[in-house]
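# Working through the structure, step by step
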There are 2 protein chains.
Amino acid sequence: MLKDIIENSENYQPGLSIDCVIFGFHDNQLKVLLIKVDKSQKWSLPGGFIPVDQDIDTAAITVLNSRTGVEGVFLRQFATFGKVNRNEQHFDKKILEYLKIEEEKGKWLLRRFVTIGYYALVDFLKIIPNSMNRNETVEWIDHKEVPELILDHKEILDKALDTLRMELNLMPIGYNLLPEKFTIPELQKLYETILDKKLDRRNFLRKITNIGILSKLDEKKSNVAHKAPNLYSFDKEKYEEVLKIGLNQGW
Amino acid sequence: MLKDIIENSENYQPGLSIDCVIFGFHDNQLKVLLIKVDKSQKWSLPGGFIPVDQDIDTAAITVLNSRTGVEGVFLRQFATFGKVNRNEQHFDKKILEYLKIEEEKGKWLLRRFVTIGYYALVDFLKIIPNSMNRNETVEWIDHKEVPELILDHKEILDKALDTLRMELNLMPIGYNLLPEKFTIPELQKLYETILDKKLDRRNFLRKITNIGILSKLDEKKSNVAHKAPNLYSFDKEKYEEVLKIGLNQGW
DNA sequence: CCTTAATGTGTTATAATGACGCAATGTAAT
DNA sequence: ATTACATTGCGTCATTATAACACATTAAGG
């Protein structure tokens, strides 16, 4: 795959890549989809290169889609990373030897790559982590237990989470991270997990319902310990509306 | 200049550029620093290319500095633009002929360029718009009277303003856009101009002073019609602190 | 059947916001 | 000089939002 790209490098934007921070939510944990190439010691964010005939947003969708199989989810560009030495220890000649790529073609890879960061929010249960070949492992990892990552991928991940936390104040979140029917406590735990902070149950309920994006269903969650919580779903129309205009007007 | 870059294109990141939206404030108008190359009909944002041995942030500082002469001001990356055809009508062979660049070297320019957008807030009065050569005009233009721009520069400018408006709710603004001593009405007009919205005088005063970033000076503005307003300055220390932690906590 | 650990609903004090009123001040017109 | 006028500075009040907390309800399990 990488070999194909390098050998057809004239079809790809040089020195530019895309990395996706794909968030999911499960077992009250914020998960991140990470990849490990078998021969490598470290994990990395799913990424890809940009065909010269594709918009960068389209290329990002391709990356997300190839790893998760989902389409039409929340995907947003958040920052671009371009320190001089960000990949100088990584894309070195060993890879080219390993992939049996001739030196002239290989030069395409041996330069500083600037990478455009996107983050996605996806429904954990709808995703089957998809390894594109047998040499790599794709896995959901709790964001609190992320192992050492290649290059500056930790920095990229942190920035994505910072952005997500900030955008939590500007727009509703949850539609893409929760199943269709969910309970208020579940939604609250999502918020608490993202923010890494305890919230008051009762105040949370009031605030979240006041936004007007929730529909209370005439149905309770079954098979739960203690009192069965009510189920809710998002009112997609109002949700989209609030996504557009934003939550806080501020000034 | 462009000729130099193309002829030494191996020293520059291929297919990648930087564009700066430089905001200033004067006469109660939000100004944008724009450039017009004499032979061109349209204006453009000041931009530049990225030396392979420079961080992208450093390259952005270079662009800003070369046009304004200022250093250490507010400069922030806000988005990266990479539609497939964003520059296909612009960087064409005519330019290469005009610059007398041989075809092989010129290929560097004839591809899709992805551009990283930065926006800067600078003190209008401290800037001397600096044209790098006689063929170009550098000018402050009221953001409401921005003429047609090349490529997708209008889109970039709009996105920068959107970002600025959003960040107005997250952090204090003004330190880089106003002179050292200023009045509350001036600061309010800055906010009103950026937001394109009238604010209540009295509520603005209360809110802005409650942030705790202003120092009331024992001095009034002179030579003004009507009642002389008090002068204020920013408490740099508290300002920086609020910049870090942010204004609204939200959740 | 009682304990336990959740959920659902409400209350109260405090703070933030939005919409105004009015006096003080300096310019400009008469 | 006096007055009209625009603008600043400071304050009020009703409404809304927020934070902290009390209590009843519900289901599971000993």
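No experiment lies behind these values; they were computed from the predicted model shown. (Residues numbered from 1 in each chain as written. Chains lettered and ligands numbered in written order. Predicted model: local features only at pLDDT ≥ 70, side-chain atom pairs only at ≥ 80, totals over all residues. Heavy atoms only, no water.)

## Some details on the packing of helix α6 (residues 184-195) of chain A against helix α7 (residues 201-210) of chain A
Residues and elements named next belong to chain A.
- Direction vectors running N to C along α6 and α7 enclose 100°, while the axes themselves pass 10 Å from each other. As the angle between them shows, α6 and α7 are arranged roughly perpendicular. Residues Ile-184, Leu-187, Gln-188 and Tyr-191 of α6 form the contact with α7, whose own contacting residues are Arg-201, Phe-204, Leu-205 and Ile-208.
- For the contact of α6 with α7, the per-class residue count stands at six nonpolar, one polar and one charged. (Axes fitted to C-alpha atoms, helices over the stretch in contact; angles between N-to-C directions. Helix = DSSP H or I, 4+ residues; strand = E, 2+ residues; numbered from the N terminus. Parallel < 35°, antiparallel > 145°, perpendicular 65-115°, else oblique. Contact = heavy atoms within 4.5 Å. Nonpolar A, V, L, I, M, F, W, Y, C, P; charged D, E, K, R; others polar.)

## Considerations on the protein's contact with DNA strand C
- Around DNA strand C sit 19 residues, and of these Pro185(A), Arg202(A), Asn230(A), Arg202(B) and Arg206(B) come closest.
- Taking all atoms of DNA strand C within 4 Å of the protein, the share assigned to sugar and phosphate is 42%.
- Here Arg201(A) contributes a side-chain N or O atom positioned 2.9 Å from a base oxygen of DNA strand C.
- Here a phosphate oxygen of DNA strand C and a backbone polar atom of Asn230(A) are 2.7 Å apart.
- Listing elements by their share of the surface near DNA strand C, those giving two or more residues are α7 of chain A together with α7 (201-211) of chain B.
- Sorting elements by how many residues they give to the surface near DNA strand C places α7(B) first, with four residues.
- A breakdown of the residues in the surface near DNA strand C according to their chemical character gives six nonpolar, four polar and nine charged. (Near = heavy atom within 4 Å. Polar contact = N/O pair within 3.5 Å; in protein donor to acceptor, adjacent residues only side chain to side chain.)

## Some points on the relation of the copies chain A and chain B
- If you rotate chain A by 180° and push it 0.0 Å along the axis, it lands on chain B with an RMSD of 0.1 Å. In the structure described here, the two chain copies are related by an operation that fits a two-fold rotation axis.
- Both copies share a contact surface, since 100% of the interface residues of chain A are interface residues in chain B too. (Least-squares fit on C-alpha atoms with pLDDT ≥ 70 in both.)

## What about the pattern of salt bridges?
Residue and element names in this part refer to chain A.
- For the coordinates displayed, the defined rule picks out 32 salt bridges over all chains.
- Linking Glu-7 and Lys-3 is a salt bridge whose minimum nitrogen-to-oxygen distance equals 3.3 Å. Remark: Lys-3 and Glu-7 occur in helix α1 (residues 2-7); sequence separation between them is four residues, near one turn of the helix.
- On the basis of relative accessible area, Glu-7 is assigned to the partly exposed category, the value being 32%.
- The partly exposed category is assigned to Lys-3, whose relative accessible area is 28%. (Salt bridge = Lys/Arg side-chain N within 4 Å of Asp/Glu carboxyl O. Buried < 20%, exposed > 50% of the residue type's maximum accessible area, 1.4 Å probe, protein only.)

## Describing the domain arrangement of chain A
All names here are of chain A.
- Considered domain by domain, chain A is made up of domain 1 (2-167) and domain 2 (184-245).
- Computed from C-alpha atoms alone, the centre-to-centre distance between domain 1 and domain 2 is 31 Å.
- At the interface, nine residues of domain 1 touch seven residues of domain 2.
- Buried area between domain 1 and domain 2, both sides added, is near 740 Å², and the carbon and sulfur share of it is 68%.
- Its largest share of buried area at the contact with domain 2, domain 1 owes to Phe-25, Asn-28 and Arg-165, together 57% of the area lost on that side. (Domains from an automatic or database assignment. Buried area = accessible area lost by both parts, 1.4 Å probe.)

## Some words on the environment of Thr62(B)
- Within the secondary structure layout, Thr62(B) lies in helix α2 (residues 56-68).
- The exposure class of Thr62(B) is partly exposed, given its relative accessible area of 41%.

## Description of unusual backbone geometry
- We note that Asn223(A) has phi near 60°; this positive angle belongs to a residue other than glycine.
- Among the structural elements, Asn223(A) can be located in the loop between β8 (214-220) and β9 (230-234).
- The phi angle at Leu151(B) is positive, at roughly 50°, despite the residue not being glycine.
- Tracing the sequence through the fold places Leu151(B) in the loop between β6 (136-142) and α5 (153-167).

## Topic: the protein's contact with DNA strand D
- Around DNA strand D, 17 residues are found, and the nearest of them are Arg202(A), Arg206(A), Arg201(B), Arg202(B) and Asn230(B).
- The sugar-phosphate backbone supplies 48% of the atoms of DNA strand D found within 4 Å of the protein.
- Within the side chain of Arg202(A), an N or O atom sits 2.6 Å from a base nitrogen of DNA strand D.
- Elements that contribute at least two residues to the surface near DNA strand D include exactly α7 of chain A together with α7 of chain B.
- Looking at the surface near DNA strand D element by element, the count peaks at four residues for α7(A).
- Broken down by class, the residue content of the surface near DNA strand D amounts to four nonpolar, four polar and nine charged.

## Focus on the interface of chain A and chain B
- Contacts between the two partners involve 39 residues from chain A, matched on the other side by 39 residues from chain B.
- Of the roughly 3000 Å² buried between chain A and chain B, counting both surfaces, carbon and sulfur atoms make up 56%.
- Remark: the boundary between chain A and chain B carries zero salt bridges.
- Where chain A meets chain B, there are 23 residue pairs in polar contact (both at pLDDT 80 or more).
- Broken down by secondary-structure element, the contributors of at least two residues to the side of chain A that touches chain B are β1 (12-26), β4 (47-51), β5 (74-81), β6 (114-121), α6 and α7 of chain A.
- Here the residues of the side of chain A that touches chain B sort into 22 nonpolar, ten polar and seven charged.

## Quick notes on the pairing of β9(A)
All names here are of chain A.
- Buried residues dominate β9, accounting for five of its five residues.
- Burial of the side chains of β9 extends over both faces: Asn-230, Tyr-232 and Phe-234 are buried on one face and Leu-231 and Ser-233 on the other.
- Bridge count for β8 against β9 is four bridges, and the pairing is antiparallel. Paired with Lys-220 across the two strands is Asn-230, which belongs to β9. (Pairing = 2+ DSSP bridges.)

## A word on the packing of aromatic side chains
- Overall, the coordinates contain 30 aromatic pairs over all chains when judged by the stated rule.
- For the pair Tyr191(A) and Phe204(A), a centre-to-centre distance of 5.4 Å together with 65° between the ring planes defines the contact as edge-to-face. Of the two residues, Tyr191(A) is situated in helix α6 and Phe204(A) in helix α7; the sequence distance between them amounts to 13 residues. For the pair shown, Tyr191(A) and Phe204(A) are each scored as buried.
- In textbook terms, an aromatic cluster arises when at least three aromatic residues are bridged by ring pairs, as seen for Phe23(A), Phe74(A), Phe78(A), Phe81(A) and Tyr119(A).
- Between Lys207(A) and the ring centre of Trp251(B), over which it is positioned, the NZ or CZ distance is 4.6 Å. (Phe/Tyr/Trp six-rings, centres within 6.5 Å; stacked < 30°, edge-to-face > 60°. Lys NZ or Arg CZ within 6 Å of the ring centre and 35° of its normal.)

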